[in-house]
Amino acid sequence: MSRQKLKQLGLDLPLFPTTSVGSFPKPPELMSARAQLRKRRITPADLKRAEEKATRDWIGFQEKAGVDVLVDGEMYRGDMVAYFAETLTGFREGGLVRSYGNRYYHKPVIADDVTWRAPITVDWWKFSQALTKKPVKGMLTGPYTIMDWSFNEHYPDRRAACMALAQAIRQEVEALISAGCKIIQIDEPALSVRVAELPLVVEAMDAVTRELPAYFITHICYGAFEHVYPEILHLPVDNLDLDMALTARERHPKIKAAPFTKDISYGVSDVHSHIVEDEATVYERVKHALAVIPAAQLWVDPDCGLKTRTVEEAQDKMRVIVAAAQRARKELA
Amino acid sequence: MFVANHSHYPRVGDSPELQKLRRAIEAAGRGAPKGELIQAQQEMTQRALHEQEEAGCDIVTDGQIRWYDGVSHFAGNFDGVAHGSIFRFFDTNFLIRQPIAKGKARWRGTLTAPDHAFAQRAAKKPVKAVLTGPVTLARHTILETDAYTNAMDLAADYAAGLVLEAKELFSAGATLLQVEEPSILTHPEDLPILKEFLAQINKSKPANASVFLATYFNDAAPLYTKLLELPVAGLIWDLTYSATLEERIAQGFSKVLGLGIADARNTKLEKPEDLARRIEKIAAKARGDIHLLPSCGLEYLPRGRAQEKLAVLAKTRRYLEG
């Protein structure tokens, strides 16, 4: 079904398409430029040039490595929620909150009506797509996750905030499609923790994607899969992107009991480890995936964004994933 | 009526001075001497204690400044348990290191007691010690061993180790001990293990010490009666998840009553007069002491707002006491 949709969109992808979840590490020179801008030693235009160079480098790397569906690497973003909050109306920047370990982010605050006023990601998508003939994914954060990972000082409840955000994100999706984007990933990593709110996630995603001509992916990670599967199959998207590298053993029985009805971007590499898995390990994970997922539905990628790794680690992990997928095409097709 | 911190407290703030610990952790990761990290942890603990006192707290905590998270901090102190990948903690955007049981879990020895003693020396107010309970530890642990057939078996071994830690805390001078068990709300079948664990702690506690149980991140109302039967001096409730819990409590309460009434998951500040109205209804039939707390640990909030939440509770008490 989804293969058909991809073809209708003019996309002819190989078996086991390779992709990444979205973010790549920012190279040291870009990190330095961001710090320099904070100290007002360079201009925003200088920073943008550094971001463009880093984006060109990541697109070039992915092409050379043989990745099938590319991402821009999010060189221009800090946090996946704050980035959208900075551009939509209604938000103000919050203080630092810990995410895990020694990692912190500025958790946004919804302080007024949320509205979409201008394209947020479209220029970067156009910039990246112009660098390659391979498809580049549009990368958005979903309304439920933006709501859940923001403080709400304005709307009366979570539902009202979420549905307002859904309307705003839909406008961004429409803008991406108008620009020519055919594969759009709308990340909802927050969805797996409040099971009772899963219908709200589905409703909000429907408000974002209904009757729009694109292949939709949603990324979900590090949550209680056992509580939301198979209900997540009701999400109105074509492909669910899941962290599976370390969780397959627990999740496969669930998938066996309730077959996966969508495409899956199946995580085969642990993004929180400095260790680069060898090709045999990743190949075995791909092979293992086929025990519960039909080949035509299987994409392979890392468990999550690779931005917390070094550039070298992220590149090595992607090369291994591509090599394992290519071997799988030959040996397991 | 007492104003109390719940458990953790933000360990960094927005200013460079308040990011010293963050920088020290990074430096330690690059091989800097461990002493520098310890000093940064101690300084931040002192600051956290001071900020709680400044906000008007009668009962403070050490802020859990040294903990990676409440689960792996304790589970990682058992032989046979390794740190796994990260895992979302309930419905938060905070990720814990998920423990993996690879063999029989055996407690290695004192963990938090020296930190408690340090905090008590640095604080002007009583410091409440906090332990994550065996059910929450076990329900977040992946079993990769034949030593256990299910999480409840593992919880029993976790309990044995935590009882030893509770003894160490009492020996270090702790008179207030909070056991955190958010997972009991989703795994009520583990109540017998929790009950036995709390009974063991009670046996080892000195007469002047009190043990409280804290639940949060789910509606405690369905388990209310059973939680009341547990052998603890007090219960600390998260009032932000339930439409009915306050009414149940208002019907009468005989233990120490911990009201997690300031929402520690949202920056919106409550009005003291609104909180006071709700508390008045409950206090009318409460026979024990009342503790006013945030609904859970404060590390889910930016540092400034965390302190303001405690200040709101202090203002609420003043409002109630006229």
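Residues numbered from 1 in each chain as written. Chains lettered and ligands numbered in written order. Predicted model: local features only at pLDDT ≥ 70, side-chain atom pairs only at ≥ 80, totals over all residues. Heavy atoms only, no water.

Re the packing of aromatic side chains
Aromatic rings in a pair are described by how distant their centres are and how their planes are angled relative to each other.
Inference 1: As enumerated under the stated definition, the model contains 21 aromatic pairs over all chains in all.
Inference 2: An angle of 20 degrees between the planes, with centres 4.9 Å apart, marks the rings of Phe225 of chain A and Tyr229 of chain A as stacked.
Inference 3: Accessibility expressed as a relative area gives 5% for Phe225 of chain A, which makes it buried.
Inference 4: Accessibility expressed as a relative area gives 4% for Tyr229 of chain A, which makes it buried.
Inference 5: Here the aromatic residues Phe89, Phe90, Phe94, Tyr216, Phe217, Tyr241 and Tyr300 of chain B are joined through ring pairs into a cluster of three or more.
Inference 6: In this structure, Lys48 of chain A is placed above the aromatic ring of Trp124 of chain A, and the distance from its NZ or CZ to the ring centre is 5.9 Å.
Inference 7: Just above the ring of Tyr283 of chain A sits the side chain of Arg327 of chain A; from NZ or CZ to the centre is 3.6 Å. (Phe/Tyr/Trp six-rings, centres within 6.5 Å; stacked < 30°, edge-to-face > 60°. Buried < 20%, exposed > 50% of the residue type's maximum accessible area, 1.4 Å probe, protein only. Lys NZ or Arg CZ within 6 Å of the ring centre and 35° of its normal.)

Focus: the packing of helix H11 (residues 279-289) of chain A against helix H12 (residues 311-332) of chain A
All names here are of chain A.
Inference 1: Interaxial distance between H11 and H12 falls to 8 Å at its minimum, and their mutual angle equals 55 degrees. One way to sum up the angle between H11 and H12 is to call them oblique. Note that H11 runs across H12; the crossing there is right-handed. Residues Glu279, Ala280, Val282, Tyr283, Val286 and Lys287 of H11 lie in contact with H12, whose contacting residues are Val320, Ile321, Ala323, Ala324, Arg327, Ala328, Glu331 and Leu332.
Inference 2: Residue classes in the contact of H11 with H12 are distributed as 10 nonpolar, no polar and 4 charged. (Axes fitted to C-alpha atoms, helices over the stretch in contact; angles between N-to-C directions. Helix = DSSP H or I, 4+ residues; strand = E, 2+ residues; numbered from the N terminus. Parallel < 35°, antiparallel > 145°, perpendicular 65-115°, else oblique. Left-handed = near helix turned anticlockwise from the far one by under 90°. Contact = heavy atoms within 4.5 Å. Nonpolar A, V, L, I, M, F, W, Y, C, P; charged D, E, K, R; others polar.)

Some points on the nonpolar core
What tends to happen in soluble globular proteins is that the nonpolar side chains get buried as a cluster.
Inference 1: Among the nonpolar cores identified, the biggest contains 106 residues, and Val173, Ile184, Ile232, Leu235, Phe260 and Leu298 of chain A are the most heavily contacted of them.
Inference 2: The element that contributes the greatest number of residues to this core is helix H7 (residues 158-179) of chain A, accounting for 12 residues.
Inference 3: Setting aside residues up to four positions removed in sequence, Ile232 of chain A forms contacts with Leu191, Leu198, Ile220, Phe225 and Leu240 of chain A.
Inference 4: With 103 residues, the next largest nonpolar core counts Val109 of chain A together with Val3, Ile201 and Ile261 of chain B among its residues. (Core = buried A, V, L, I, M, F, W, Y, C linked by side-chain atoms within 4.5 Å.)

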